[in-house]
Structure formats: structure tokens, C-alpha cells
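Results of the structural survey
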Amino acid sequence: MGLPALVPEPGLPGRVSIHEVGPRDGLQNESSLVPVTVKAEFIARLAAAGLRAVEATSFVHPKWVPQLADAEELMPRLAGLSEQYPGLRLPVLVPNERGLDRALAHHATEIAVFASATETFARRNLNRTAGEALEMFRPVVERAGAAGVPTRGYLSMCFGDPWEGRVPTAQVVDFGVRLLELGCTELSLGDTIGVATPGQVGALLQGFTEAGVPMARLAVHFHDTYGQALANTLAALRAGVTTVDASAGGLGGCPYAKSATGNLATEDLVWMLHGLGIETGVDLRALVATSAWMAGQLGRPSPSRAVQALAGRPA
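Since the structure is predicted, the reported quantities are computational estimates derived from the model, not experimental observations.

So, on to the overall build of the protein chain. Check the secondary structure of the protein chain and you find 13 helices and ten strands. Over its C-alpha trace the protein chain gives a radius of gyration of 18 Å, about what one expects of a compact globule, namely 20 Å for 315 residues. With the C-alpha coordinates of the protein chain rotated into their principal frame, the extents come out at 55 × 45 × 35 Å. Taking all 315 residues of the protein chain together, the buried fraction comes to 56%.

Printed below as a string of C-alpha cells:
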């Protein structure tokens, strides 16, 4: 059918990097354990579809996220993927220095740390204050940097918190700048419970601009709780952001914030970006097939609208 119709919008970036979080953030909330062989194939299929930043797993304590307790078993199964798909990055999440030790022992070449813009979520998720969490990450980021391993910083609850309500822009900017000052190379701004609106997104990004943070160092991470993820993404693109987090098939949530529903579906994002004439390097049909396959592994339909519309159609 020649869809999506290609109609560029002036002023938008020519290319957007998609940071795929399905294998980690997407699967971590699944109650039934996914076999490590399925996880490895999922990641390989995502790479084959053209995604070049695929967050593979997390080296948190198995007690906290049982779904990702097989990180040590998964990593060797991914060996060789980066050679097969040049430019492929397979970052892993680490919560502390012990997690860093495990990640480095399995030859991780990129890591991520997870902070909070609110005190309540920091205590529930990290069992410490937001400020104490930042200090916990300091040696992690420093040691990773010394080993030549870049660190991405996630900042959650950037727009709203289920316990504290709307989060002030200045508060988010303060914690975000502090994460970057620790040495994080990129900062992902998370709408953990999916309450953001485009105006909020623009205001927050303007706050970072006024603080001297270039858009090239920022990424956005939206959940689709209220159906606003694509609208919020477009607002971010208009502000100059060029890295967007998404989860294949719309998988995911947050085990520490029960009101959080699925992440922005990568297929829905790619459909919009391609319609705007923005390059992603992603083969949409291959991606849809991958998410349809993964939905079959999980035993339920994919919530992604693009997967629902395109799965089973002839190429």
C-alpha cells in the first residue's frame, strides 16, 4: 500500500537512534520466566532487524528481578553478535559496584545506571535517598570509565510520581545534571508512569537547555499509560532530541510502580519516524515479525498497534 505515507516535517532531525529496551526493561516485569534461549534469539532478531542499541539484560541481584537472574548465562550466548552486525551495542544495567564487577567479568562494553528524580521512588526502588543513590553510582561510573566502558544514566519519574504527584522541572534538571556530572555520557529522561504531555516534555527539555545541557546528550523514555507516548516523542524531536527509547512489541512496565504500563512500542515509533522521512536503519517488517514471534513465546497478543496492523500482511 506504500504506507506509511512519507511527508517530512521541517525542522525535525534527519536520523533518530532508537535505544531498544525490550530484552531488559520489556521482559523484567513478566511473571513467567522466559527461557534464556528465547531471550538470546529475541536479541539476535532485533539486531537482524537493524536495531543497533539493544539493552540486553541487568546485573541486579536475582532476588529483586528474578526474570533477569540468567544474565551470566545470557551474555556468552550473545558473543559474536557485534561482529555479525557492525555497530551493534549491547548495554547492560548495573545497580552498584557488585553489578559492575559481574558485567565486566562478562565483557560488557557499555553499562547503564538507574536513578530517580523523586525521593519516594528512590527509597522504594533503591532503598536510599535520591542523593545517596547518586553517590552510590559515582564509583560505578568512574570505574567503568577507567575500563573504557561508557555509562548511560536513566532518570525515572521525570514528569510524575504516583506518591508525590507532578515533579517540578527544576528538580528533574538538578538530578539530571548531577548524573551527567558523574560522568554519564547520555541521560535518558523517563516518564515512568506515562503521565507526561507534550507541553511538559517541551518545558523539561527547555530546562535542560537553560542549564547548558546539549540535546545530543539527552534521550527520552516514554510509557504509553495514557496513550501519549508518540505525541510526547514528537515534542521531543521538535526540541532537538535524536535518541528515543522504545520496546519491541510495547513490552514492559515497572515492577516498583504498579501504575506504569507498557513502554512506547518500537514498531509504532518506527512507523511514525518513517512517515516523517526520518531514518532509523530499522526494517519495520522484520521488526514486526520479531515482536509477533515474541508475543507467541509469551502466549498473548502484542499491544503494539503497528504489530496488530501489520503482522500477517504480505510484505
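Let us look at the side chain of His-223. One can find His-223 in the loop between strand S9 (218-222) and helix H10 (229-238). What makes His-223 buried here is its relative accessible area of 2%. Polar side-chain contacts of His-223 include one of 3.4 Å to the backbone oxygen of Thr-192. Of the polar contacts made by the side chain of His-223, one reaches the side chain of Asn-263; its length is 2.9 Å.

Counting buried positions along S9 yields five of five residues, so the element is predominantly enclosed. Residues Leu-218, Val-220 and Phe-222 line one face of S9 and the alternating positions Ala-219 and His-221 line the opposite face, and both faces are buried. Taken together, strand S8 (residues 186-191), helix H9 (residues 198-210) and S9 form a β-α-β motif whose crossover is right-handed.

Take the pattern of salt bridges next. Under the defined criterion, the tally for this structure stands at 16 salt bridges. For Arg-152, the salt bridge identified is with Asp-245, shortest N-O distance 2.7 Å. Taken together, the residues Arg-152 in strand S5 (residues 151-156) and Asp-245 in strand S10 (residues 243-246) connect sequence positions 93 residues apart. Summarising the burial analysis for this pair, Arg-152 and Asp-245 share the class buried. When salt bridges that share partners are traced, they join Arg-24, Asp-25 and Glu-55 into one network.

Attention now goes to the side chain of Gln-67. Within the secondary structure, Gln-67 is located in the loop between strand S2 (57-58) and helix H3 (71-77). A relative accessible area of 3% places Gln-67 in the buried class. From its side chain, Gln-67 meets the backbone oxygen of Glu-30 in a polar contact 3.1 Å long. Within the structure, Gln-67 has its side chain in polar contact with the backbone oxygen of Ser-32 (distance 2.9 Å). With residues up to four places along the chain from it excluded, the contact list for Gln-67 reads Leu-27, Gln-28, Glu-30, Ser-32, Leu-33, Val-34 and Lys-39.

Quick notes on the rules
- Residues numbered from 1 in each chain as written.
- Predicted model: local features only at pLDDT ≥ 70, side-chain atom pairs only at ≥ 80, totals over all residues.
- Heavy atoms only, no water.
- Helix = DSSP H or I, 4+ residues; strand = E, 2+ residues; numbered from the N terminus.
- Rg over C-alpha atoms; globule rule 2.2 N^0.38 Å.
- Buried < 20%, exposed > 50% of the residue type's maximum accessible area, 1.4 Å probe, protein only.
- Polar contact = N/O pair within 3.5 Å; in protein donor to acceptor, adjacent residues only side chain to side chain.
- Right-handed = clockwise from strand over helix to strand, strands pointing away.
- Salt bridge = Lys/Arg side-chain N within 4 Å of Asp/Glu carboxyl O.
- Contact = heavy atoms within 4.5 Å.

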